[in-house]
Amino acid sequence: MRVKINVTGIVQGVGFRPFVYRLALKNYLAGYVRNRGDAGAEVLLEGDTLNIKNFMSDLTEKKPPLAQIDSVKSVKLSGKKQYDKFMIIKSSKEVEQSGSIIPPDIAICNECLAELRDPENPRYEYFFITCTNCGPRFTIIEQLPYDRENTTMRDFPLCGFCQKEYNNPANRRFHAQTVACPPCGPKAYLTTKTGEAVSAKDPVREAGKLLSEGSILAIKGYGGFHIASSVMLETPLERLRSTKHRREKPFAIMAKSLEAAKSFAQVGSKEHELLSSPARPIVLLNKSQSYNLSPLVAPHLHNLGVMLPYTGLHYMLFDQVEDPAFVMTSANPPNQPIVKDNEAALETLGGTVDYFLFHNRKIAHRCDDSVMRVHENRQVFLRRSRGYAPAPIRLKAKSKRCVVSLGGELNNTACVLLDDKAFISQHIGDVENVETRAFLQEATKHLYHLTNCHSNVVACDLHPKFTTTALAKEMAQADGSPLIQVQHHHAHAAALMAEHNLQEAVTVVCDGYGYGTDGGAWGGEVLFCSLESPDFMRLGHLEPQPLLGGDFASRYPMRVAVGMLDKAGVVVEPWLMQNSSNLPFGETEAKLLLDQLEKGVGTIETTSCGRVLDAVSAVLDVCFERSYEGEPAMKLESAALTGKEVLHENPILHDDMLHTSNLLRAIFENKQKFSVADLAYSAHSYLAKGLAALATENATELGIKQVGFSGGAACNQILTKVMREAVEAAGLQFLVHENVPAGDGGLSFGQSVVGGFSKF
Ligand code: ZN
Ligand code: ZN
Ligand code: FE
């Protein structure tokens, strides 16, 4: 019998062809296997019918650990036998919209790690040791199919030893495209901040020693540069912080090992699982009682972002030092994407670091680390990037159309939706300038190439002034495709519904800002959405509150607090004048604010949940400036962690609105009576219960059984927990995100869902 088989899914870059080869040999079959230009694999088999049957069942049952098989289509061929043995042959360029994709980058596997430590092994201490089961993929691929000449490994021709392994079917590196060893592979080297070579026999371990001694280094990894420093010494941390944009923003750190992480943080079983998974994300861990790292690592927060080493290089950094961890934060110049090229690194990071640890392999596509946290044993994505992108989110239903979406503005991603798969790009960042715009375009184009998708709908946010909106309009016009603009919170809700395969739901969507259908600033919304409809119903929202000085108020929480308290009937002057030093222009600014209040000018209104949390954090002296996205709310959550309900304010609901003025007033008036922790907790509790009441009342009326929670504020553990309890107590099912970020990193996915599933 002769059959031809097309396999789709993640079957390139995961040792699939070697696996097929071994399987064919085991079953006495002749023919070939080859990669296709659409990221799929093609197999031709000749032999006994029974042997082919056995081959087919083994194919899906015994597939390599990282392979993901979506479909296996086989057709019987007529004609005579043409092959006398089985071979891996040259890839074909054939393409169709198969939904196949290449895998994300994969952390060093245990076998490679053991070889790295084995003095007898030829790759002993080789910092870029990899095999078919591990190593970079997404970040080195320029085009499909996944062959070495299509990756940035093409600059490193195989030596005789590596070639032999590459050709040996019994070897783990049989047809491994990233195979390399010390003589033939990428090399690491140290330089000063101006790029002069620093001679070191062992540059990686030397870098580790420099970090331990207090130097700041830029270290090139798989998807870009990290800025690294000690987590113990104040001096380098202070130096890092002294650059304006890093005053308070927590630094992610890389721990030497799981044991080392446990010496300063709490690691539960779910955290353990995520930390050591092949994706190796940064996981937010609660600081433990024995936390002994510098407070400058994650100032005024109860948790910190920790990841484990994911390359040989990372492991080796710790070899000759006692440090339990190093700061390992993405190297982004202000408002720019992570730095990936050596020259750009010298140019933009030279002023920040003392040394560079370079390697000479090019990064084809930049990719930031992913960030997650765990809520009650459930994973929550704060950022879905390295280790996950570009693997698709699988939906339970097929989209009507192929859609490309460009997301919003902050923490952005792009998304391509094809059939039942959504391919979300790596983290792009804040699309506000030329560099990030270019990165977004490049990442979208790359997704197009990888999925071989030609979209027939372009989706973006409703905001008329977003860079992504303009870009989407250009793309739609160029392709002659329809453009669909999706309201921000509708996109959040749709993302959640698609994740859970819901046709209809009531969703609470809380975040900082989204452009409303009335042009207003929304951010504390209760929506009813149906997957079939391009529209939605706004069932309720938080009380609109004034922002004194508009956008400026989202930077300085005092301004929100003053506006809200004044609206609540509190005489704010004494408190404002007493605390004017917390405003950037002190008394002058305070007087100006009072003047504005009196005249009722210079304000815009918002229903934002984020701004209410900001105001509470200012009233409780927790945070007076948002120096990074979400700072006041994050610090308030930290402050609330040990608190309990003390206010017992009944949520005031008026028709479709949850009042918040009364909440802030109650907090203000009880400041002397209760602790900051208790009041901070009570604020969370009020908002969560009030929004849950709005949602459950409406859901019951509409006959809807599911209530969801989405938006950036859904990353808040306390809000989520209290809301879950309230919704479940009402007899409804409560749903949160599991595989897509609740924040704006999930927005492009939600836009795609509206573009792909609704009737228009
Ligand atoms: Zn490996
Ligand atoms: Zn070699
Ligand atoms: Fe949002």
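All of the points below concern the structure found in this document. (Residues numbered from 1 in each chain as written. Chains lettered and ligands numbered in written order. Predicted model: local features only at pLDDT ≥ 70, side-chain atom pairs only at ≥ 80, totals over all residues. Heavy atoms only, no water.)

A closer look at the overall build of the protein
Spelled out, the test is: A run of H or I in DSSP counts as a helix once it spans at least four residues, and a run of E counts as a strand once it spans at least two, with each numbered from the N terminus. Values of the radius of gyration come from C-alpha atoms, whereas the globule rule sets the reference at 2.2 Å times the count of residues to the power 0.38. A 1.4 Å probe rolled over the protein chains alone gives each residue an accessible area, and that area as a share of the maximum for its type sets the label: buried under 20%, exposed over 50%, partly exposed in between. For the area figures, the Shrake-Rupley method with a 1.4 Å probe applies, and any residue is considered shielded solely by the protein chains shown. Note that His is not counted, nor are the chain ends; the positive residues are Lys and Arg, and the negative ones are Asp and Glu. Where a charge sits is defined by one atom per residue type, namely NZ (Lys), CZ (Arg), CG (Asp) or CD (Glu).
A tally of regular secondary structure across the protein gives 23 helices and 31 strands. Since a compact globule built from 760 residues should have a radius of gyration of about 27 Å, the 27 Å found for the protein is in line with a globular shape. In the protein, which comprises 760 residues, the share counted as buried stands at 63%. Here the protein displays about 28400 Å² of accessible surface, and carbon together with sulfur accounts for 50% of that area. Distance between charge centroids for the protein: 8 Å, based on 79 positive and 85 negative side chains.

Comments concerning the coordination of the zinc ion (ligand 1)
The test is simple: For Na, K and Ca the donor cutoff is 3.2 Å, while for all other metals N, O and S atoms count as donors only within 2.8 Å; water does not appear among the atoms, so some sites may look incomplete.
Around the zinc ion (ligand 1), the donor atoms from the protein are C109 (SG), C112 (SG), C131 (SG) and C134 (SG), and they sit 2.3 Å away. As a motif over one chain, the donors of the zinc ion (ligand 1) read C-x2-C-x18-C-x2-C. The buried category is assigned to C112, whose relative accessible area is 0%.

Let's talk about unusual backbone geometry
In this structure, the amide linkage connecting L144 to the following residue, P145, adopts the cis form with an omega of -5°. The omega angle of the peptide bond from A389 to P390 is 5°, so this bond is cis rather than trans. Considering the arrangement of structural elements, one finds P390 in the loop between β16 (378-383) and β17 (393-394). The phi angle at H175 is positive, at roughly 60°, despite the residue not being glycine.

A short note on the packing of helix α15 (residues 557-567) against helix α18 (residues 609-619)
To be explicit about the condition: Orientation is described by axes fitted as lines to C-alpha atoms, over the contacting stretch for helices, and by angles from 0 to 180 degrees between their N-to-C directions. Any angle that falls under 35 degrees is termed roughly parallel, while one over 145 is termed roughly antiparallel, one within 65 to 115 roughly perpendicular, and all others oblique. Any two residues having at least one pair of non-hydrogen atoms within 4.5 Å are treated as being in contact. Three categories are distinguished: nonpolar for Ala, Val, Leu, Ile, Met, Phe, Trp, Tyr, Cys and Pro, charged for Asp, Glu, Lys and Arg, and polar for the others, with Gly belonging to the last.
The interhelical angle for the contact between α15 and α18, taken along N-to-C directions, is 95°, at an axis separation of 8 Å. With respect to each other, α15 and α18 are oriented roughly perpendicular. From α15, P557, M558, V560, A561, M564 and L565 reach across to α18, where they touch R611, V612, D614, A615, A618 and V619. Of the residues assigned to the contact of α15 with α18, the class counts are ten nonpolar, no polar and two charged.

Structural notes on the sheet that holds strand β22 (residues 483-486)
In a beta sheet, neighbouring strands are held together by backbone hydrogen bonds and run either parallel or antiparallel to one another. The cut-off we apply is this: Here, any two strands with at least 2 DSSP bridges between them count as paired.
Here six strands make up an open sheet; going across it, the order is β17-β20-β19-β18-β21-β22 and the pairing mixed. A single partner strand is all that each edge strand has here, and the edge strands are β17 and β22. In the sheet, strand β18 (residues 403-405) pairs with strand β19 (residues 415-418) via three bridges, with the strands oriented antiparallel. In the sheet register, V404 faces β19, and the bridge partner there is V416. With respect to the sheet, helix α11 (residues 434-451) is in contact with β18, β19 and β20 (421-424), its orientation differing from that of β19 by roughly 25°.

Some words on the coordination of the zinc ion (ligand 2)
Inclusion rule: In these descriptions, tetrahedral denotes four donors with every angle between 85 and 135 degrees, square planar four donors and octahedral six donors with opposite donors over 155 degrees apart and the rest between 65 and 115, and irregular any other case.
Donor atoms from the polypeptide that bind the zinc ion (ligand 2) are C159 (SG), C162 (SG), C181 (SG) and C184 (SG), placed at 2.2 to 2.3 Å. Bound by four donor atoms, the zinc ion (ligand 2) shows angles of 101 to 118° at the metal and therefore tetrahedral coordination geometry. Each donor residue of the zinc ion (ligand 2) lies on one chain, and together they are spaced C-x2-C-x18-C-x2-C. Here C162 is found in helix α4 (residues 160-167), whereas its partner C181 is found in the loop between α4 and β6 (188-192), with 19 residues between them in sequence. You can call C162 buried: its relative accessible area is 0%.

Regarding the pairing of strand β8 (residues 217-220)
Burial of the side chains of β8 extends over both faces: L217 and I219 are buried on one face and A218 and K220 on the other. Direction of pairing for β8 relative to strand β9 (residues 225-230): antiparallel, over a ladder of four bridges. Bridging across to β9, L217 finds its partner in A228. With antiparallel pairing between neighbouring strands as the criterion, β8 and β9 make up a hairpin whose turn holds four residues, including G224 at a positive phi of roughly 160°. Across three bridges, the pairing between β8 and strand β14 (residues 355-359) is parallel. When the sheet's bridge partners are listed, I219 is paired in β14 with L357.

Here we look at the nonpolar core
Just so we agree on the cut-off: The set of buried Ala, Val, Leu, Ile, Met, Phe, Trp, Tyr and Cys residues whose side-chain atoms join them within 4.5 Å is what this entry labels a nonpolar core. Segmentation of the chain into domains, including their bounds, is taken from an automatic or database domain assignment.
Residues F16, V20, L45, F55, L317 and L357 are the most contacted members of the largest nonpolar core, which totals 99 residues. Here this core spans two domains, since at least three of its residues come from each of domain 1 (2-88) and domain 2 (188-359). Each residue touching L45, except ones within four places of it in the same chain, is listed here: M1, R2, V3, I5, L29, A30, I52, F55 and F86. Ranked by size, the runner-up nonpolar core spans 72 residues in total, among them V570, W575, A688 and L732.

Things to note about the state of the cysteines
Cysteine pairs can be covalently joined through their sulfur atoms, and such a bond is termed a disulfide. For clarity, the threshold we go by: Here, a disulfide means two cysteine sulfur atoms that sit within 2.5 Å of each other.
Enumeration according to the criterion identifies one disulfide in this entry. The residue that forms a disulfide with C402 is C453, at a sulfur-sulfur distance of 2.4 Å. Measuring handedness by torsion sign, the sulfur bridge of C402 and C453 sits at about -60° and is left-handed. Here C402, found in the loop between β17 and β18, pairs with C453, found in the loop between α11 and β21 (457-461); they are 51 residues apart in sequence, far enough to count as distant. With a relative accessible area of 2%, C453 lands in the buried category. The structure places no disulfide on C623, whose sulfur is separated from the nearest cysteine sulfur, that of C609, by 16 Å.

Comments concerning the environment of N54
Of note, N54 is situated in helix α2 (residues 49-61). Take N54: its relative accessible area is 33%, and that puts it in the partly exposed class. Taking C-alpha positions, N54 is 9.8 Å from K26, a pair spaced 28 residues apart along the chain.

Some remarks on the packing of aromatic side chains
Convention followed: Only Phe, Tyr and Trp rings take part, Trp by its six-membered ring, and two of them pair if their centres are within 6.5 Å. Stacked means planes under 30 degrees apart, edge-to-face means over 60, and tilted covers everything else. The rule is short: NZ of Lys or CZ of Arg within 6 Å of the ring centre and within 35 degrees of the ring normal puts a charge over the ring.
Applying the stated criterion to the full structure yields 16 aromatic pairs. Their ring planes at 90° and their centres at 5.6 Å tell us that W575 and F668 sit as a pair that is edge-to-face. Here F668 lies in helix α20 (residues 661-669) and W575 lies in helix α16 (residues 573-578), a separation of 93 residues in the sequence. You can call W575 buried: its relative accessible area is 7%. Every member of this aromatic cluster is reached through a ring pair, and the members are Y126, F127, F128, Y222 and Y310. Positioned over the ring face of F251 is R241, at 4.0 Å from the centre of the ring. Positioned above the aromatic ring of W522, the side-chain terminus of R538 is 3.7 Å from the ring centre.

Quick word on α11
Residues separated by three or four positions in an α-helix point in the same direction, a consequence of the helix having 3.6 residues per turn. Quick note on the threshold: To estimate the expected span of a helix, count its residues, drop one, and scale the result by 1.5 Å.
For α11, which comprises 18 residues, the first-to-last C-alpha distance of 26 Å matches the rise-based estimate of 26 Å (1.5 Å per residue) to within 8%. Every buried residue of α11 is listed here: T436, F439, L440, A443, T444, H446, L447, Y448, L450 and T451. Turning to α11, the residues buried within the fold contact β18, β19, β20 and α12 (467-479). Looking at the residues trailing α11, positive phi occurs at N452, about 55°.

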